Amino acid sequence: MTMEEVQNEQLQKRKSYKTMLIFAMASIVMVFAGLTSAYVISKSRPDWLKDFELPSAFLYSTIVIVLSSVTFHLAKNAIKKNNRSLTSIMLALTLVLGLLFVALQFQGFNQVIDAGYYFTGSYSTITTSFLYVVVLVHIAHLVGGLISLLIVIYNHYKQKYNSSQTLGIELSVMFWHFLGFLWIYLFLFFTFYK
């Protein structure tokens, strides 16, 4: 194979992987569009909580996921400059922030329960049950993002990335940013659509 053929093959691989990721993200958007649409329709129910406020942990988790997107982006930029040590630091920070995000989500659930609202059982409300389902579905997708991040960290330590080989980290960053934007949308939706 000539060098040009190798480059063309790599370009085709890059395009096909990005296209598959875009289709996966589009299907995730459809899931959350359905959930938020059901939330809007259910809002007209007589048992809907009109005065329900999101817990403060969800605001903090929003800040954390934005910061994690910044650190992951910086990791991608660092590997493009072959700065392996900065890449390692930024990947580690992204992992810590991702785990902190999940912990804050569960702290938010605890705050809801402490306020006297329950997600399941005879004391639950449709409002909190929707919140519970939507947040758990997002956390499930974020776990996928964390697994992807762990694979990137593993491949980074195996020295599979460099300034000319960044496809894996680029795809993972793209998915991570998507999850961040999705959470921001959900947070704003639950905050302003009461």
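Just so you know, these numbers come straight off a predicted model, no measurement behind them. (Residues numbered from 1 in each chain as written. Predicted model: local features only at pLDDT ≥ 70, side-chain atom pairs only at ≥ 80, totals over all residues. Heavy atoms only, no water.)

## What to know about the overall build of the protein chain
Right, on to step 1. Assigned secondary structure in the protein chain consists of five helices and zero strands.
Right, on to step 2. Secondary structure elements of the protein chain occur, N-terminal to C-terminal, as α-α-α-α-α.
Right, on to step 3. With respect to the three principal axes, the spread of C-alpha positions in the protein chain is 70 × 30 × 25 Å.
Right, on to step 4. Counting across all 194 residues of the protein chain, residues that qualify as buried make up 41%.
Right, on to step 5. In the protein chain, the proportion of contacts linking residues at least 24 apart, taken out of those at least 6 apart, comes to 83%.
Right, on to step 6. A total accessible area of about 10,600 Å² is found for the protein chain, and carbon and sulfur atoms account for 66% of it.
Right, on to step 7. Considering the protein chain, the positive charge centre built from 14 side chains and the negative charge centre built from 8 side chains are found 6 Å apart. (Helix = DSSP H or I, 4+ residues; strand = E, 2+ residues; numbered from the N terminus. Buried < 20%, exposed > 50% of the residue type's maximum accessible area, 1.4 Å probe, protein only. Contact = heavy atoms within 4.5 Å. Areas by Shrake-Rupley, 256 points an atom, 1.4 Å probe, with all protein chains shown as cover. Lys, Arg positive; Asp, Glu negative; His and termini not counted. Charge placed at Lys NZ, Arg CZ, Asp CG, Glu CD.)

## Thoughts on the pattern of salt bridges
Right, on to step 1. Applying the stated criterion to the full structure yields three salt bridges.
Right, on to step 2. Put simply, Arg14 and Glu170 hold a salt bridge, and the shortest N to O gap is 3.0 Å. Taken together, the positions of Arg14 in helix 1 (residues 3-42) and Glu170 in helix 5 (residues 167-192) put the pair 156 residues apart, joining distant regions of the chain.
Right, on to step 3. A relative accessible area of 23% places Arg14 in the partly exposed class.
Right, on to step 4. Owing to a relative accessible area of 12%, Glu170 belongs among the buried residues under this scheme.
Right, on to step 5. In this structure, Asp47 and Arg45 form a salt bridge, with 2.8 Å as the shortest nitrogen-oxygen distance.
Right, on to step 6. Residues joined in a network through salt bridges with shared partners are Arg14, Lys18 and Glu170. (Salt bridge = Lys/Arg side-chain N within 4 Å of Asp/Glu carboxyl O.)

## Focus on the layout of surface pockets
Right, on to step 1. In this structure, the largest pocket spans a volume of roughly 410 Å³.
Right, on to step 2. Forming the walls of the largest pocket are 19 residues, and the residues nearest its centre are Lys13, Tyr17, Leu167, Gly168 and Leu171.
Right, on to step 3. Secondary-structure elements contributing two or more residues to the lining of the largest pocket are helix 1, helix 4 (126-157) and helix 5.
Right, on to step 4. No other element matches the seven residues that helix 1 contributes to the lining of the largest pocket.
Right, on to step 5. Taken together, the residues of the lining of the largest pocket sort by class into seven nonpolar, nine polar and three charged. (1 Å grid on protein atoms, 1.4 Å probe; cavity = no way out; pocket = protein on both sides within 12 Å on 5 of 7 lines; lining within 4 Å. Points joined across faces, edges and corners; volume = space filled by probe spheres on them. Nonpolar A, V, L, I, M, F, W, Y, C, P; charged D, E, K, R; others polar.)

## Considering a nonpolar patch on the surface
Right, on to step 1. On the surface, a cluster of nonpolar side chains totalling about 380 Å² of accessible area is made up of Leu59, Tyr60, Ile63 and Leu67.
Right, on to step 2. Within the fold, Leu59 resides in helix 2 (residues 56-80). (Patch = residues over 30% accessible without salt bridge, like charges linked within 9 Å, V, L, I, M, F, W, Y side chains within 5 Å.)

## Observations concerning the packing of aromatic side chains
A ring pair, where both rings are aromatic, is described by two values, the distance of the centres and the angle of the planes.
Right, on to step 1. Taken as a whole, this structure holds 19 aromatic pairs when the rule is applied.
Right, on to step 2. Considering the side-chain rings of Phe109 and Phe119, the 5.1 Å spacing of their centres and the 70 degrees angle between planes classify their relative orientation as edge-to-face. Here Phe109, found in helix 3 (residues 84-114), pairs with Phe119, found in the loop between helix 3 and helix 4; they are 10 residues apart in sequence, far enough to count as distant. Pair check on accessibility: Phe109 and Phe119 agree, each one buried.
Right, on to step 3. Of the aromatic side chains, those joined through ring pairs into one cluster are Tyr39, Trp48, Phe130, Tyr185, Phe189, Phe190 and Tyr193. (Phe/Tyr/Trp six-rings, centres within 6.5 Å; stacked < 30°, edge-to-face > 60°.)

## Structural notes on the side chain of Lys43
Right, on to step 1. Inspection of the secondary structure assignment puts Lys43 in the loop between helix 1 and helix 2.
Right, on to step 2. It is Glu53 that comes nearest to the buried, bridge-free Lys43 among opposite-charge side chains, at 12 Å.
Right, on to step 3. Apart from the residues within four sequence positions on either side, Lys43 is in contact with Trp48, Lys50, Tyr193 and Lys194.

## Quick look at the packing of helix 1 against helix 4
Right, on to step 1. The N-to-C vectors of helix 1 and helix 4 enclose an angle of 175 degrees; their axes lie 10 Å apart at closest approach. The angle between helix 1 and helix 4 falls in the class roughly antiparallel. Contacts from Ile28, Val31, Phe32, Leu35, Ala38, Tyr39 and Ser42 in helix 1 reach Ile126, Phe130, Val133, Val134, Val137, His138 and His141 in helix 4.
Right, on to step 2. Residues of the contact of helix 1 with helix 4, tallied by class, amount to 11 nonpolar, three polar and no charged. (Axes fitted to C-alpha atoms, helices over the stretch in contact; angles between N-to-C directions. Parallel < 35°, antiparallel > 145°, perpendicular 65-115°, else oblique.)

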